[in-house]
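Commentary on secondary and tertiary structure
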Amino acid sequence: MREKKSAFYCKLKMEELIIQAVIKGIASIYGAEVDVNSIQPQKTRKEFEGDLTVVVFPFTKISKKSPEQTAEDLGNYLVEHVSQITDFNVVKGFLNLSIAAEYWIKELENINQHQQYGKAAPSGKTYMVEYSSPNTNKPLHLGHLRNIFLGYAVAEILKANGHSVIKTQIINDRGIHICKSMLAWQKFGKGETPESANLKGDHLVGKYYVEFDKAYKKEINRLIEEGLTKEVAEKEAPIFKEAQEMLRKWEQGDEEVVALWKKMNGWVYEGFDVTYKTMGVDFDELYYESDTYLLGKSAVEEGLKKQVFEQKEDGSVWCNLSAEKLDDKLLLRADGTSVYMTQDIGTAIERYKNHPNLNGIIYTVGNEQNHHFNVLFTILKKLGYKWAEECHHLSYGMIALPDGKMKSREGTVVDADELMAEIVNDAKKMTQERGHLDGLSQHEKEQLYAQIGLGGLKYFLLKVDAKKGMVFNPEESIDLNGNTAPFIQYAYARIQSLLKKANELNYSSIYTNVELNEEEITLIKLMKDYPIVLHEAGANISPATLCNYIYELVKTFNHFYQNIPVLREEDKNKLAFRLVLSENVAKIIALSMKLLGIEVPTKM
RNA sequence: GGUCUCGUAGCUCAGCUGGAUAGAGCAACUGCCUUCUAAGCAGUAGGUCAUAGGUUCGAAUCCUAUCGGGAUCACCA
């Protein structure tokens, strides 16, 4: 679904107008045709005069003149033939065009008329966005936060691009790792419950996952001392064998094991619900691995029939991927049991059965599974599923701690609940120090701390290109100055304050004749970009693109705010215009932050 | 070893579908609150865009190679 920017870019009227005029201009001046793609109007850099710039180097072959002369010729033609172009100047091969002020005023009017400015018309397409996908043997950690915030933001951005979106997660609720927690609880838990331990259910279960690992390691060491090699010891440790036995019983539907499994998973879900609520995310549809882990076998049979897969002598089934320069992939073991890939093939097909109008699935999964998804999509395509073309692995980089990887077995993780509580507490401290809290109720104050803290955390994780890995130092609290959510929220709050005062003073926001200054034009140009950026963020599945844009917009607004009076302006026309301008900046901030899952406060 | 990916200021990152003198934030230093919220604004300093070639009128951006970091190449999930 990756798409070139230019295709969309050209739909914007001013740029399109210029492109058409340049084509005509070249034809009229030099009598030749130019390639449309070689005309790319771009914003004029701030150090030069003008609003839009056309690079004329590509035309010099046609004109057989110097870049300067070519630009000069074209500039004269454009000023003469395009009424919105008022002036031009030439710097080397760059033709800088000045656009009439009325154009910018109209642009703002257009923005002002749309409450949902930037939102695309319905595309008729439906995408499923899978994110979170937790294991039910431990609480969520920082890595999940990145995953979940990313997936949520992508889902919202796609919606704003006019697509229908189904948010989903696949819950990894079965398997050996789950049995480990269950077994350790059975052995060492003494009937402990979330209530009795006064612990969130997911944390309680996670505690026993760590307990298992401790006991397991002890047994391994004992066996090694008894003379076994490490590999053998790992397989022979009694507690490990017990866990395997428990998994077998679960698969056979053993009542006692299943009851324990249900009880402990129930605790975990209660815990997850609380965490998700704090995070402010939701899902439309849930898939449980215990329901899906046997899926895919019929797809394998179908693949065998179509000769997409092949069966070896031992009965195992493989997909030959040498044409794709990938290693062959096993899909069914000799004993007929399936592997992870089989299950993912089955689940994808199941999802299309449930939603026949689905155009694609976006999987938000760490980059350690790049290869897995590459193979998955390749196999689905081989099986002839057309929708596989629009499946996408939203791959994100791992978050490491200063001393290395996070390991949940060893308990060296940054816990999601703790981190969120800490950052909200930081926000509380900072907010109280500033003391702009008059007139807020206790509830409103708490809400504000949460908006700032969680907003800061989300933005911190979203502003970096997803594919990049990052190191998180728990000692250094997350920065809330500079390119951060509070910076953006603050600008929003200041605008709200302006609007409130204007309202109290009964200032009109109706203007007739206005002269624009540079700061205002710069702002409108950026605001006009919002739909383009939103489209780009959707096409590239990149919330970071949106973050960068908001930051740029806010910086530009702050510059305006600092230098240009609004309420203190004596010319009532200008005052009204600036109110409308500010209000619409705030609107774009709120709309775009909402897509990132970040709230904006009216006061801070 | 094969494949993929990243390498831009002391640190964290933008910019990467080729365009002008490579931009922010943090940290350091300097100004600006009797004036719309100083979580702000303005400024100083800080760069061989990993390295070497190539394509181009033009390369941080595209191609090739090399170096360095990460991921992956399971009958684990």
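Note that the structure is a prediction, hence the values are computed from the model and not measured.

Re empty space enclosed by the protein
- Enumeration over the complete set of coordinates arrives at 1 cavity of 30 Å³ or more.
- Estimates place the volume of the largest cavity at around 40 Å³.
- Along the walls of the largest cavity sit Thr 136, Ile 178, Ser 181, Met 182, Val 205, Trp 261, Met 264 and Asn 265, which together make up its complete lining.
- Looking at the lining of the largest cavity, the elements that each hand over two or more residues are helix H7 (176-188) and helix H12 (255-279).
- Of the residues contributing to the lining of the largest cavity, the split by class is 5 nonpolar, 3 polar and no charged.

Let's talk about the layout of surface pockets
- Empty space within the largest pocket amounts to approximately 1100 Å³.
- Every residue lining the largest pocket is counted, 40 residues in all, and those nearest its centre are Asn 135, Lys 138, His 144, Glu 368 and Gln 369.
- Considering every element that reaches the lining of the largest pocket, the biggest residue donor is helix H15 (residues 340-354), with 5 residues.
- For the lining of the largest pocket, the class distribution of residues is 13 nonpolar, 17 polar and 10 charged.
- For the lining of the second largest pocket, the secondary structure elements donating two or more residues are strand E3 (85-91), strand E4 (94-99), helix H20 (518-539) and helix H21 (543-563).
- No other element matches the 6 residues that H20 contributes to the lining of the second largest pocket.
- Taken together, the residues of the lining of the second largest pocket break down into 7 nonpolar, 7 polar and 11 charged.

A word on the packing of H21 against helix H22 (residues 572-595)
- Contact pair H21 / H22: the axes reach a minimum separation of 10 Å and the direction vectors enclose 155°. The orientation of H21 with respect to H22, classified from their angle, is roughly antiparallel. Helix-helix and strand crossings are classified by hand; for H21 and H22 the assignment is left-handed. Mapping the contact onto sequence places Leu 546, Tyr 549, Ile 550, Leu 553, Val 554, Phe 557 and Phe 560 in H21 and Arg 578, Leu 581, Ser 582, Val 585, Ile 588, Ile 589, Ser 592, Met 593 and Leu 595 in H22.
- The residue makeup of the contact of H21 with H22, split by class, is 13 nonpolar, 2 polar and 1 charged.

Looking at the confidence of the model for chain A
- For chain A, the average pLDDT comes to 92, and 98% of its residues sit at 70 or higher.
- Every residue in residues 1-11 is under pLDDT 50, and counting partners more than four places away or in other chains gives 21 contacts.

The rules we used
Residues numbered from 1 in each chain as written. Chains lettered and ligands numbered in written order. Predicted model: local features only at pLDDT ≥ 70, side-chain atom pairs only at ≥ 80, totals over all residues. Heavy atoms only, no water. 1 Å grid on protein atoms, 1.4 Å probe; cavity = no way out; pocket = protein on both sides within 12 Å on 5 of 7 lines; lining within 4 Å. Points joined across faces, edges and corners; volume = space filled by probe spheres on them. Helix = DSSP H or I, 4+ residues; strand = E, 2+ residues; numbered from the N terminus. Nonpolar A, V, L, I, M, F, W, Y, C, P; charged D, E, K, R; others polar. Axes fitted to C-alpha atoms, helices over the stretch in contact; angles between N-to-C directions. Parallel < 35°, antiparallel > 145°, perpendicular 65-115°, else oblique. Left-handed = near helix turned anticlockwise from the far one by under 90°. Contact = heavy atoms within 4.5 Å. pLDDT = per-residue confidence, 0-100.

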